[in-house]
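Structure assessment
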Amino acid sequence: MKSEDKRLLRALAGEALDPPPAWMMRQAGRYLPEYRQTREKAGSFLELCYSPELAAEVTLQPLRRYDFDAAILFADILLVPQALGADLWFVTGEGPRLSTIASSADLQRLKPVDAIHDTLGPVYETLRILRESLPEETALIGFAGAPWTVATYMIAGQGTKDQAPARQLMYSDPKTFDALMNLITDATAQYLCRQIEAGAEVIKLFDSWAGALPGALFDKYATAPAKRILDIVRARYPGVPAIGFPRQAGEKLLDFVDATGVAGCAIDTSVRPEWAARELSPRTCVQGNLDPALLVTGGDMLLKSVDNLKNAFAGQPYIFNLGHGITPDADPANVNLMLKALRGR
Ligand SMILES: Cc1c2[nH]c(c1CCC(=O)O)Cc1[nH]c(c(CCC(=O)O)c1C)Cc1[nH]c(c(CCC(=O)O)c1C)Cc1[nH]c(c(C)c1CCC(=O)O)C2
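Every value quoted in this text rests on a predicted model; they were computed, and no experiment measured them.

What counts and what doesn't
Along each chain, residues carry numbers from 1 onward, in the same order as the chain's sequence is written. Where local features are concerned, this predicted model is filtered to residues with pLDDT of at least 70; where side-chain atom pairs are given and counted, the filter is 80 or more; whole-chain, interface and lining totals use all residues. Helix and strand definitions follow DSSP, with helices as H or I runs of at least four residues and strands as E runs of at least two, each counted in order from the N terminus. Burial in this document is a count-based property: other C-beta atoms within 10 Å of a residue's C-beta are tallied, and the residue is buried at 20 or more, exposed at 12 or fewer, or partly exposed in between, with C-beta positions derived from the backbone. With C-beta atoms placed from the backbone, a contact is any residue pair whose C-beta atoms sit within 7 Å. UniProt positions are given in the numbering used here, feature names are shortened, and annotations may be inferred rather than shown by experiment. The term nonpolar core refers to a set of buried Ala, Val, Leu, Ile, Met, Phe, Trp, Tyr and Cys residues connected through C-beta atoms within 7 Å. Strands were regarded as paired on the criterion that DSSP finds at least two bridges between them. Axis definition: a line fitted to C-alpha atoms, limited for helices to the stretch in contact. Angles are taken between N-to-C directions and run from 0 to 180 degrees. For classification purposes, an angle smaller than 35 degrees is called roughly parallel, one larger than 145 roughly antiparallel, one from 65 to 115 roughly perpendicular, and anything else oblique. Left-handed is the label given to a crossing in which the near helix is rotated counterclockwise from the far helix by less than a right angle, and right-handed is the label when the rotation is clockwise. Helix span, expected: 1.5 Å multiplied by one less than the number of residues in the helix. By construction, the arc corresponds to the directions joining the helix axis to the C-beta atoms. By the convention adopted, Pro, Cys, Tyr, Trp, Phe, Met, Ile, Leu, Val and Ala count as nonpolar, Lys, Arg, Asp and Glu as charged, and the other residues, Gly among them, as polar.

As a further point, take the overall build of the protein. A tally of regular secondary structure across the protein gives 16 helices and 9 strands. Expressed along its principal axes, the backbone C-alpha trace of the protein runs to roughly 60 × 45 × 40 Å. Put simply, the protein has 345 residues, and 48% of those count as buried. Long-range contacts, defined as pairs at least 24 residues apart, comprise 73% of the intrachain contacts of the protein with a sequence gap of at least 6.

So, in structure tokens, the structure goes:
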């Protein structure tokens, strides 16, 4: 099947589909016993990311259970900092750790953009395997972290509650901060181009901490870098749609969508579906935003919540998804219930 005929791409091109196409953030993950088994076999999460056969295997696992319209590459947004020369490791039960960027001297030690492909080669290989092995109607999504979110991890060396270290560097040493943002922006654009070359049919930019940016700097550090990345990618691959996900951006989503021209915009759980349908849907294809907690609890509330979303976006181009990733404590059976409620079968 040609990419543009796949249901996910039809929705991104502006078509209202009933039922809407559906996939889940983190659909390959710890809530699935077969994922935990493959991860064990790989040794660690990072080894899994860099083992093309195994990374492709975990990408395919949820599709054997559920009839999703898309698969998302199994990788992580922090592979780009690693490819730029940062040390990266994951502490069980705590999350990622990286060597920190606190000064221009730290920045000097990073590698040039062109060097990233030496590290990221296995990711491109995962995509090539997936394009060969996915069901023919399933769209393949590539992704990267947006520069601001990636910078928050590179500066703090770990996840932080309020991204204060990154915001402080932004004020105390704007030259270093801007140079880091530019480096990540250029690396991300090259990374996404290579992902498309390797088979990605849609790309998604995760800006998980966009909501932590001061409002006055949102355009500069969320919208402008996204636009720069997408301009570079679109110049080379004009037909490949992008989904933006500036999380917790509230009404700033409108300017973000207008300025970047994203084909799709993912919304987090805080966004009112009626507002998104009224304000965002005329501008772009909305994707979201079921609360992942409902996949832990299930029951009538899950069915009702799916129905509400379906009704809110009826007649609009829309992609059903969660407002954030599915959590490890979710019940795999609830995913079936969710899809049944969405599709009425
Ligand atoms: C901030 C961020 C990261 N990674 C990502 C983000 C942005 C989206 C978001 O806000 O969740 C994005 C991401 N991470 C992962 C994917 C793969 C595609 C997908 O299934 O959606 C994607 C798109 C796999 C992963 N990335 C990670 C896992 C869990 C690893 C494991 O223990 O098996 C997976 C499946 C690890 C990871 N990776 C990251 C953190 C903070 C953690 C630890 C938290 C956790 O354990 O859930 C960084």
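Right, picking up where we left off after that structure.
Before going further, it helps to examine the UniProt feature "site: Transition state stabilizer" (unreviewed entry) in the protein. According to UniProt, the feature "site: Transition state stabilizer" (unreviewed entry) maps to D76 in the numbering used here. Counting through the fold element by element, D76 comes out in the loop between β1 (70–72) and α5 (79–83). Judged by the 19 C-beta atoms lying within 10 Å of it, D76 falls in the partly exposed class.

Turning to the environment of S270, a few remarks are in order. Mapped onto the elements of the fold, S270 is located in the loop between β7 (264–266) and α13 (273–280). Separated by 62 residues in the primary sequence, S270 and S208 place their C-alpha atoms 13 Å from one another.

Turning our attention to the nonpolar core. V80, I141, A151, V202, A222 and C265 are the most contacted members of the largest nonpolar core, which totals 113 residues. Counting residues per element, this core draws most heavily on helix α10 (residues 174–198), which supplies 11 residues. Apart from the residues within four sequence positions on either side, A151 is in contact with A166, L180, M181 and I184.

Next up on the list: the pairing of strand β3 (residues 95–98). Bridge count for strand β2 (residues 88–91) against β3 is 4 bridges, and the pairing is antiparallel. Each bridged residue has a counterpart across the sheet, and for L88 the counterpart in β3 is L98. Connecting β2 to the antiparallel partner β3 that follows it, the hairpin turn spans 3 residues, and G93 within it adopts a positive phi of roughly 80°.

Our focus in this paragraph is the UniProt feature "binding site: substrate" (unreviewed entry) in the protein. On the UniProt side, "binding site: substrate" (unreviewed entry) is annotated at positions that read R26, Q27, A28, G29, R30, D76, Y153, S208 and H324 here. These annotated residues cover 299 residues of sequence, and their C-alpha atoms reach 23.1 Å apart at the extremes, leaving them scattered rather than at a single site. For Q27, the location among the structural elements is in the loop between α1 (7–12) and α2 (33–42). Here Q27 is in contact with P62, F68, I72 and I326, once residues within four sequence places are set aside.

Okay, the sheet that holds strand β6 (residues 242–246) next. The strand order across the open sheet formed by 7 strands is β1-β4-β5-β6-β7-β8-β9, and the pairing between neighbours is parallel. Edge positions in the sheet fall to β1 and β9 (318–322), since each has one partner strand and no second. For this sheet, the mean angle separating the axes of adjacent strands, direction not counted, is 25°. Taken together, the 2 bridges between β6 and β7 define a ladder with parallel strand orientation. Pairing of I243 across the sheet is with G264, part of β7. Sitting on the sheet, α10 is in contact with β4 (139–145) and β5 (202–207), with an inclination near 165° to β4.

Moving on, we come to the packing of helix α15 (residues 299–312) against helix α16 (residues 332–343). At a minimum axis distance of 9 Å, the contact between α15 and α16 shows a crossing angle of 40°. Here α16 runs oblique to α15, going by the angle between their axes. For the pair α15 and α16, the sense of crossing is right-handed. Packed against α15, whose contacting residues are L302, L303, V306, D307 and K310, the element α16 presents N334, L337, M338, A341 and L342 at the interface.

It is worth spelling out α16 at this point. Taking 1.5 Å as the rise per residue, α16 with 12 residues should run 16 Å; its terminal C-alpha atoms sit 17 Å apart, in good agreement. Trailing α16 by a residue or two, G344 shows a phi angle of about 65°, which is positive.

This paragraph deals with helix α12 (residues 252–260). All of the buried residues along α12 are L253, F256, V257 and T260. Projected onto a plane normal to the axis of α12, the buried residues spread over an arc of 95° and lie on a single side. Contacts made by the buried residues of α12 are with α11 (218–236), β6, β7 and α13. Immediately beyond the C-terminal end of α12, within one or two residues, lies G261, with a positive phi of roughly 65°.

The N-to-C vectors of helix α7 (residues 116–133) and α10 enclose an angle of 30°; their axes lie 9 Å apart at closest approach. Here α7 runs over α10; the crossing is right-handed. Seen from α7, the contacting residues are I116, H117, L120, Y124, L127 and R128; seen from α10, they are A187, Q190, Y191, R194, Q195 and A198. A breakdown of the residues in the contact of α7 with α10 according to their chemical character gives 7 nonpolar, 3 polar and 2 charged.

With that settled, the discussion passes to unusual backbone geometry. Residue P19 follows D18 across a cis peptide bond; omega there is 0°. Locating P19 in the fold gives a position in the loop between α1 and α2. A cis amide bond links G288 to the next residue, N289, at an omega of -25°. Tracing the backbone through its elements, the reader meets N289 in strand β8 (residues 285–290). Although it is not a glycine, Q163 sits at a positive phi angle of roughly 60°.

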